[in-house]
Amino acid sequence: MKVARIKVICLSLLLFMGALMLNQCTESGQPSMPETVDFNFHIRPILVKNCYLCHGPDPSSRQGNLRLDTFEGATSAGESGLTAIVPGRPKKSEVIRRIMNHNPDDVMPPPESKLTLTEREKKLLEKWIEDGAEWKPHWAFIPPKEPDVPEVSNVEEINNEVDAFVLKKLEENGLEPLDKAGKNTLIRRLSYILTGLPPSVEDVEKFITDSSPDAYEKLVDHYLSSPQFGEHWARHWMDVARYAETKGHEFDYQITGAWRYRDYLIRALNDDVPYDQLVREQLAGDLLAKPRWNKETGINESILGTAFFTLSEGTHSPVDIRKDEADRIDNMIDVTTKTFQALTVSCSRCHDHKFDPIPTADYYSMYGVMESSRFAPRLANLTFQQVEDIQSLQKTQEHIRKKLAKRWIGKEVDNENDTSSPEQPTHGQSSEDYKILGDFRGSSLDDWKSDGFAFGNNSTLGEPVLSRDGNKVMRLAEGKASSLRFGEGVPGALRSSNFIIDHDFIGIRARGKKSTIRVIIDNFQLIQHPIYGDLMQEVKKETWHHYKIDVSKWKGHKAYVEILPGTYKKHEYSLPEGAYIEAEYALVFNGGWKSIPEPKGSSELNLNNAVRDWVANKGSADQIRLINQKLKQGALSIGIPEIRELYKQRDVVKKNFDGAAYFMGVADGFGINSPIFVRGSHQNISENLMPRAFLSALPAEDTIFQSSGSGREELAEAIVSEKNPLTSRVIVNRIWHHLFGRGIVETVDNFGLQGKIPTHPELLDYLAIKFRKDGWSVKNMIKYIVMSQSFQRVVEGNEELQKNDPQNLWLAHFPVRRIQAESIRDAILAVSGNLDSTMYGESVPIHLTDFMTGRGRPAQSGPLDGNGRRSIYVEVRRNFLSPMMLAFDRPIPFSTFGKRNVTNVPAQSLFLMNDPFIIHQAELMGQEVIKQDLSMEDRVQWIYMKTLSRAATEEEIAGAKDFLIQQAGTYQISEEEMLHDPKVWKDYCHAVFNLKEFIYLI
C-alpha cells in the first residue's frame, strides 16, 4: 500500500513537472508571455495586422459598424447586440470567441483574408482583456517623457546613458555584450560613417600610436569638424528630399539651380545649424522675418531651403492639368510628412487613413497649404549687403520726397498722420465683357504680390523723373508697375491673386524688352507647346502694347498672372542685360480689347493736399498731373543736392546685382482652402472647404492657420513645436539609423501603426528630449551616440547571439554594414589617389554609357570619372541615373527614402569586376604602386593600409604573392620585372576592390 502511494506521488510529480515544462514552452521562435501586456507594444500590432482593414479608422471599408481602433468602439454593443471586448471578461468578449472559433463562417480573421493569429497572439489578447483591456494612444502620438536611466549590473560597460539603456535590454533578454573593437576597426568605422571616406594612412597611424585616454574622442571631433562630414550627411538628407536635378518624364528638363540646395545642405550640416532652423528654412525659408545670413559670403541661406519643395518630378504637357497639380501636391505632402513626421499622410488622399488617425480632412487641410505656394525663380546669391543697399535707396527716395515737399509747400510733411483718402482702384471692376485683374496706374500695385525687389511695393506714380545729369526733377512719373523701380538688373516678379478663368482672354497693357508674361494655370510651370505654349508671351516692344492671351479652353480653371523681367529658355530662368518690363493694367475679357477707365481720384484738387498725398505714396493720377503742371510752369523748385546721391545709389544697386544667379524655389501665394476630392478625384469635389491646418491628431497651439498666405510658416512652427511628439523622435531615429544601419524604429519613414515598434522606446525618448535640450544640434547627438560603448563593439557575433538575437536587435555587437554606393565610388577614387576634394559648385555632368538612351538624353556625356569629384557632386538626372549608384541601392528619387535597401546581388560583383571606371581606377592605383620604392611584401602592406586601414596578415601576403606571380605568368614577364609592371599591380588592386571587406565595415 505504501509502495503504491509512492508510485502515485511520483507519477503525479512527473505529470506536474511535465505540465510545468510544457507551460514554459512557447511556439518555436516565439518569446514567452510578458508579465504585463502593453497595448502599444503587444496588442495594437496584432489588431493593425489582422483587424484594422475592416474594423479601423476608415469608415469606407468598415464592416459591421465595428471599430477596434478605439476603446469606445470596441466596448460598445454592435449591430448584433454583442460586445467585441468586455474589459476584465474575456469569455464574454466576442473577439475572443471569434478568434478561438474553428467554424469558417465565424472565425476571425475570415479565411478569405489569408490572415491567422498565432497561439501566442490569441493568449496575449486574452490576457490583455482579462487585465482590463487598457487602451492607449499610439506610442508615437504620446509626448516623450524623460525616462529614468536604468540600473544595470555591468557598470564597467557604460560610457554614457546610451549604454545603460542598451545593456538593460541585453539583460532582459539574457544576452551579454561583446568586446570593444580594435583601433583599426574603429577608425575605419568612424571615418566611413561620419565622412563617407576611408581614413588616410596618416590618420590611421596617428590614432594607433595615440595612447592617451581621449584618443578616440579626439578622432570623433576630427571627423565631425571635417568638411567631408557635411558632404556625406547631406547625401542622407537628399534621399528623404528625393533630390534630383531634372524633372524626368519626356524631356527630363533641368530644375534650375537644384545643386544649390545640395550645397546649402552641406554648409548647414558642417556649420551644425540647429535642426529646428533647418525645418523652418526648408518649409518657409522665404517667409522668415530673420533669415540666416552666411557669415562668410553674406548670402541668404534660408531661402535656399525652399528648393525642398521643388525637387519633384514634372511633366511638360499633361493632358489633365488639374490632375497634374493634384499629383504634384500629393508628392509634396507625402515627402513633407514622411521627412519631418514619419507619417504616411498621403494615404488619406482618397479616404481616411486605414490605420493611422489621419482623416481625409487633414490631407486637404495640408493640400491648401501647398496649393497656396507658388514655384518661382528665386535669387540664389542674395546678400545682406544687397538688401541694405535697396533699403538705403528707398530711404533716400523718401528723403528726397520730403525735402522737395518742404520746399513746395513750405513746411514739414508728416505722412504718418496723413488722413487723406487714396484714389479708388479699378481692381475688380467689371462689365459683361471684361473684369479688371489689376490696375497699376494708381499709387498701389492693386493687391498683386511683389516678389523680390524689382517692382518694390508701389507703382511708379509720383516717382521723380530726373534729368540726364541727375541734378533736377523734370517731372513726376505716371502710374505703372515697373521692374525699373530701383534701376536695371534688379530681379523680381509681380503676381496676381488667384482667379477662376471665366472669360476668353487675359490682356496686359505692357512694354519692355527681354521680359515675360505668363498665365499660370493650376500652378503649372512647365509652359510650352504643343498644349500650353501660348500661355507665355515674351515682351520685346518698348512702346505700349496690348498683350492678349487666349484662355478660352481653360475656363473653370484656377489661374494667376505673372509679370517679370527676364526670360525662360527650356524652363530655366535668366535675367539678361537690359531686361525690363512695365505694365499699366491687366484684365480678362471677351471679344476685342477693352479700354478701361483710369482710377478715380480726389474730387477737389489743391497743391498742398496733392503734395501731402504724394509724400505718403497715396497720390492720385489727377494730383500728380497737378504737381507736374506746376513743375512745367516753373512754380516749384526742381533741384536739391540729394538727387545726385540717388543716382549713385542706383548705380551701386545695379552693380550689386551683376552676376545674379537663380534657383527654383517657392514664393508665397494667396491663401486657398481646398475642398475634399471625393475618393481622391479632382473631378468630384465636396462643397465644404477645409481650412489650412496641421494634423488634428497632433497637438498644436492653433490648429487652423490664420495666415493670408500659404500658412507654410505656421506649418513649420507646428512641426518644431515643443508639443509635437514626433519631430525630435524622428530625427534622432534617423541619426541612429545612419550610425547603426537600423533605426531604433526600423521603419524610419513610418512611425504610424504599420511601422515597426521601437526596440528601445525609453532610449528613443531619452535621445529625443536630450536633442531638444542640446539646442537641436545634429553634431552633438552624433558625438553622444558614437562615444557610447554600444557603438564601439566588435562586429563578429557568436553562436549564442546568432541563436537568440539573429537580427542583432539588442545590439550585443556592432552590426555588419555595407558602405553606401557613393562611399564605394569615393573610396575607390581616394585610395587610387584621384579624388578631387573641391567642394561646392555646379554638378559634373553624368557619364553616359551606350546603354543610357532615351528622350532628354544630353548631347554630351560627362567624364568617366566625374572629374574625380565626390559622388555627391555628380549630376542626378532622373532619366539617366548612374548605373553604379543604382547597382548599389541608391534610391530612385521620386519620394522619401530614409532607409535604403541593402542588397547583395550578382550585378554588384559584375559591376566591380567589369565597369570601365573601376578598371581605370585600378590601373591608376597600380601606377602609383610601382612608384613606391618598396619590396613586394611592403607594397602589399601599402595597399592594405590604403584600402582596408590595416596591415595584411602573413597568409594574405602569401596569397598576394601567389596571385602576382600567376598574373606575371599570364603577361609572360619575370618576377623581377613584375615589380615594375603596372598591369600586374592593376590586377591586384582590382582584386582588392572586389574584396567584401573593401565595401563592408567588418
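This one's a predicted model, so the numbers in the text were calculated from it and none came from an experiment. (Residues numbered from 1 in each chain as written. Predicted model: local features only at pLDDT ≥ 70, side-chain atom pairs only at ≥ 80, totals over all residues. Heavy atoms only, no water.)

> Please give an account of the overall build of the protein that cites residues and values.
Within the protein, the regular secondary structure consists of 34 helices and 21 strands. In terms of its C-alpha atoms, the protein occupies a principal-axis envelope of roughly 135 × 95 × 55 Å. Here the protein holds 1002 residues, and the buried ones make up 55% of them. Accessible surface, the protein: about 44,000 Å² in total, of which carbon and sulfur atoms supply 51%. The distance from the centre of the 121 positive side-chain charges to the centre of the 138 negative ones in the protein is 5 Å. (Helix = DSSP H or I, 4+ residues; strand = E, 2+ residues; numbered from the N terminus. Buried < 20%, exposed > 50% of the residue type's maximum accessible area, 1.4 Å probe, protein only. Areas by Shrake-Rupley, 256 points an atom, 1.4 Å probe, with all protein chains shown as cover. Lys, Arg positive; Asp, Glu negative; His and termini not counted. Charge placed at Lys NZ, Arg CZ, Asp CG, Glu CD.)

> Describe in detail the UniProt feature "domain: DUF1553" (unreviewed entry) in the protein, supporting the description with residues and values.
UniProt's feature table lists "domain: DUF1553" (unreviewed entry) at residues 711-964, given in the numbering used throughout. Between the end C-alpha atoms of residues 711-964 the distance is 67 Å, and the span holds 46% helix and 1% strand. (UniProt positions renumbered as here; feature names shortened; annotations may be inferred.)

> Explain the domain arrangement of the protein residue by residue, including any values.
According to the domain assignment, the protein contains domain 1 (1-30), domain 2 (36-136), domain 3 (256-380 + 667-724), domain 4 (384-660) and domain 5 (916-1001). A separation of 63 Å is found between the C-alpha centroids of domain 2 and domain 5. (Domains from an automatic or database assignment.)

> Which residues make up the packing of aromatic side chains, and what values go with them?
Counting across every chain of the model gives 40 aromatic pairs. Plain terms: the ring middles of Trp237 and Phe340 are 5.8 Å apart, the flat faces sit at 50° to each other, and that makes the pair tilted. Of this pair, Trp237 sits in helix H11 (residues 227-240) while Phe340 sits in helix H15 (residues 321-341), and the two are 103 residues apart along the sequence. Side by side, Trp237 and Phe340 carry an identical accessibility label, which is buried. Centre to centre, the rings of Trp293 and Phe384 are 5.2 Å apart; their planes meet at 70°, and the pair counts as edge-to-face. Of this pair, Trp293 sits in the loop between helix H13 (275-284) and helix H14 (307-310) while Phe384 sits in helix H17 (residues 384-409), and the two are 91 residues apart along the sequence. By relative accessible area, which is 25% here, Trp293 ends up partly exposed. Taken together, the ring pairs connect Trp237, Tyr275, Phe308, Phe309, Phe340, Phe771 and Trp776 into an aromatic cluster. Lying across the ring of Tyr560, Arg374 places its NZ or CZ 3.6 Å from the centre. Positioned above the aromatic ring of Tyr873 is the side chain of Arg869, whose terminal nitrogen or guanidinium carbon lies 4.4 Å from the ring centre. (Phe/Tyr/Trp six-rings, centres within 6.5 Å; stacked < 30°, edge-to-face > 60°. Lys NZ or Arg CZ within 6 Å of the ring centre and 35° of its normal.)

> An account of the state of the cysteines is requested, with residue identities and associated values reported.
All chains considered together, the criterion is met by 0 disulfides. Of all cysteine sulfurs, the one in Cys347 lies closest to Cys350, which takes part in no disulfide; the gap is 9.6 Å. A relative accessible area of 36% means that Cys350 is categorised as partly exposed. (Disulfide = S-S within 2.5 Å.)

> Could you give an account of the environment of Tyr367, naming the residues involved and the relevant values?
Here Tyr367 is to be found in helix H16 (residues 360-371). With a relative accessible area of 1%, Tyr367 lands in the buried category. Taking the C-alpha atoms as reference points, Tyr367 and Ile672, 305 residues apart in sequence, are found 9.0 Å from one another. With sequence-adjacent residues up to four places away left out, Tyr367 is seen in contact with Glu325, Ala326, Ile329, Ile333, Ser674 and Phe677. (Contact = heavy atoms within 4.5 Å.)

> Tell me about helix H28 (residues 906-914), and please be specific about residues and values.
For H28, the full list of buried residues reads Gln908, Phe911 and Leu912. Along the long axis of H28, the arc covered by the buried residues comes to 95°, so they all point the same way. Away from its buried face by more than 90 degrees, H28 exposes Pro906 and Asn914. Those residues of H28 that are buried lie in contact with strand S20 (817-818), helix H27 (883-887), helix H29 (916-931), helix H33 (982-993) and helix H34 (996-999). (Arc of directions from axis to C-beta.)

> Summarise the environment of Gly462; cite the residues concerned and give the values.
Relative to the helices and strands, Gly462 is located in the loop between strand S3 (449-452) and strand S4 (464-466). In this structure the C-alpha to C-alpha distance between Gly462 and Asp352, which are 110 residues apart in sequence, comes to 56 Å. When neighbours within four sequence positions are excluded, Gly462 is seen to be in contact with Arg401, Leu476, Ala477, Trp614 and Ile624.

> Describe the pairing of strand S9 (residues 505-513), and please don't skip the residues or the numbers.
The side chains of a regular strand alternate, first on one face of the sheet and then on the other. For S9, the buried fraction is high: 7 of the 9 residues fall into the buried class. One ladder, built from 6 bridges, connects S9 with strand S12 (residues 545-550); its direction is antiparallel. Within S12, the residue paired with Ala510 across the bridge is His545. Inspection of the sheet shows S9 paired to strand S16 (residues 580-589) by 9 bridges, in the antiparallel sense. Each residue of the ladder has a partner; that of Ile508, found in S16, is Ala586. (Pairing = 2+ DSSP bridges.)

> Go over the confidence of the model for the protein with me, naming the residues and quoting the values.
Confidence in the prediction for the protein averages 91 pLDDT; 94% of positions are at 70 or higher. Low pLDDT (under 50) marks residues 415-421, which in the prediction has 10 contacts with non-local residues, meaning those over four places away or in another chain. (pLDDT = per-residue confidence, 0-100.)

> Go over unusual backbone geometry with me, naming the residues and quoting the values.
The omega torsion of the bond from Met108 to Pro109 falls at -5°, within 30 degrees of zero and hence cis. With phi around 60°, Asp446 is a residue other than glycine that occupies positive phi space. In this structure, Asp446 sits in the loop between strand S2 (434-439) and S3. For Asn523, which is not a glycine, the phi torsion comes out positive at approximately 60°. Taking relative accessible area as the criterion, Asn523 reaches 8% and is therefore assigned buried.

> Can you break down the pattern of salt bridges residue by residue, with the values?
Per the stated rule, a full pass over the model turns up 67 salt bridges. Among the ionic pairs, Glu231 bridges to Arg870, the shortest N-O distance being 3.0 Å. Placement of the pair is Glu231 in helix H11 and Arg870 in the loop between helix H26 (821-831) and H27, with a sequence separation of 639 residues. Owing to a relative accessible area of 3%, Glu231 belongs among the buried residues under this scheme. Taking the relative accessible area as the measure of exposure, Arg870 reaches 4% and is therefore buried. Between Asp826 and Arg825 there is a salt bridge, and its shortest N-O distance comes to 3.5 Å. By relative accessible area, which is 2% here, Asp826 ends up buried. Ionic contacts of the salt-bridge type, sharing partners, join the residues Arg235, Asp239, Glu822, Arg890 and Arg900 into one network. (Salt bridge = Lys/Arg side-chain N within 4 Å of Asp/Glu carboxyl O.)

> How would you explain the environment of Gly680 if you had to name every residue and give the values?
Its place among the elements puts Gly680 in the loop between strand S18 (674-677) and strand S19 (685-690). In this structure the C-alpha to C-alpha distance between Gly680 and His351, which are 329 residues apart in sequence, comes to 7.5 Å. Not counting residues up to four positions away in its chain, the partners in contact with Gly680 are Arg349, Cys350 and Tyr364.

> Provide a residue-level description of the packing of H17 against helix H18 (residues 607-615), including the pertinent values.
Between H17 and H18, the least distance of the axes is 10 Å, while the angle of their chain directions is 170°. With respect to each other, H17 and H18 are oriented roughly antiparallel. Contact with H17, carried on its side by Arg401, Lys402, Leu404, Ala405, Trp408 and Ile409, involves Leu607, Asn608, Val611, Trp614 and Val615 of H18 and no other residues of that element. Of the residues belonging to the contact of H17 with H18, the class tally is 8 nonpolar, 1 polar and 2 charged. (Axes fitted to C-alpha atoms, helices over the stretch in contact; angles between N-to-C directions. Parallel < 35°, antiparallel > 145°, perpendicular 65-115°, else oblique. Nonpolar A, V, L, I, M, F, W, Y, C, P; charged D, E, K, R; others polar.)

> Help me get a handle on the nonpolar core, residues and values and all.
Grouped together as the largest cluster of nonpolar side chains are 166 residues, with contacts concentrated most on Tyr261, Leu739, Leu767 and Ile782. With 8 residues, the single largest contributor to this core is helix H12 (residues 258-270). Two domains share this core, each providing at least three of its residues, namely domain 3 (256-380 + 667-724) and domain 5 (916-1001). Once residues lying within four places of it in the same chain are set aside, the contact partners of Tyr261 are Trp237, Ala241, Tyr243, Gln282, Leu304, Gly305, Ala307, Phe308 and Leu311. (Core = buried A, V, L, I, M, F, W, Y, C linked by side-chain atoms within 4.5 Å.)

> Give a detailed account of helix H2 (residues 39-50), specifying residues and quantitative values.
Within H2, burial applies to Phe39, Asn40, Ile43, Arg44, Ile46, Leu47, Val48 and Asn50. Elements that come into contact with the buried residues of H2 comprise helix H3 (52-55) and helix H6 (119-130). The opening residue of H2 is Asp38, an N-cap whose side-chain oxygen sits 2.9 Å from the backbone nitrogen of Asn40. (Polar contact = N/O pair within 3.5 Å; in protein donor to acceptor, adjacent residues only side chain to side chain.)

> Account for the side chain of Gln908, naming residues and giving values.
Checked against the element boundaries, Gln908 lands in helix H28. Among the polar contacts listed, one links the side chain of Gln908 to the side chain of Thr903, at a separation of 2.9 Å. Filtering out sequence-adjacent residues up to four positions away, Gln908 remains in contact with Arg818, Ala887, Phe888, Asp889 and Thr903.

> Give me the lowdown on a nonpolar patch on the surface, citing residues and values where you can.
Together, Leu886, Ile892 and Phe894 line one region of the surface with nonpolar side chains, adding up to about 270 Å² of accessible area. Position of Phe894 relative to the elements: it lies in the loop between H27 and H28. (Patch = residues over 30% accessible without salt bridge, like charges linked within 9 Å, V, L, I, M, F, W, Y side chains within 5 Å.)

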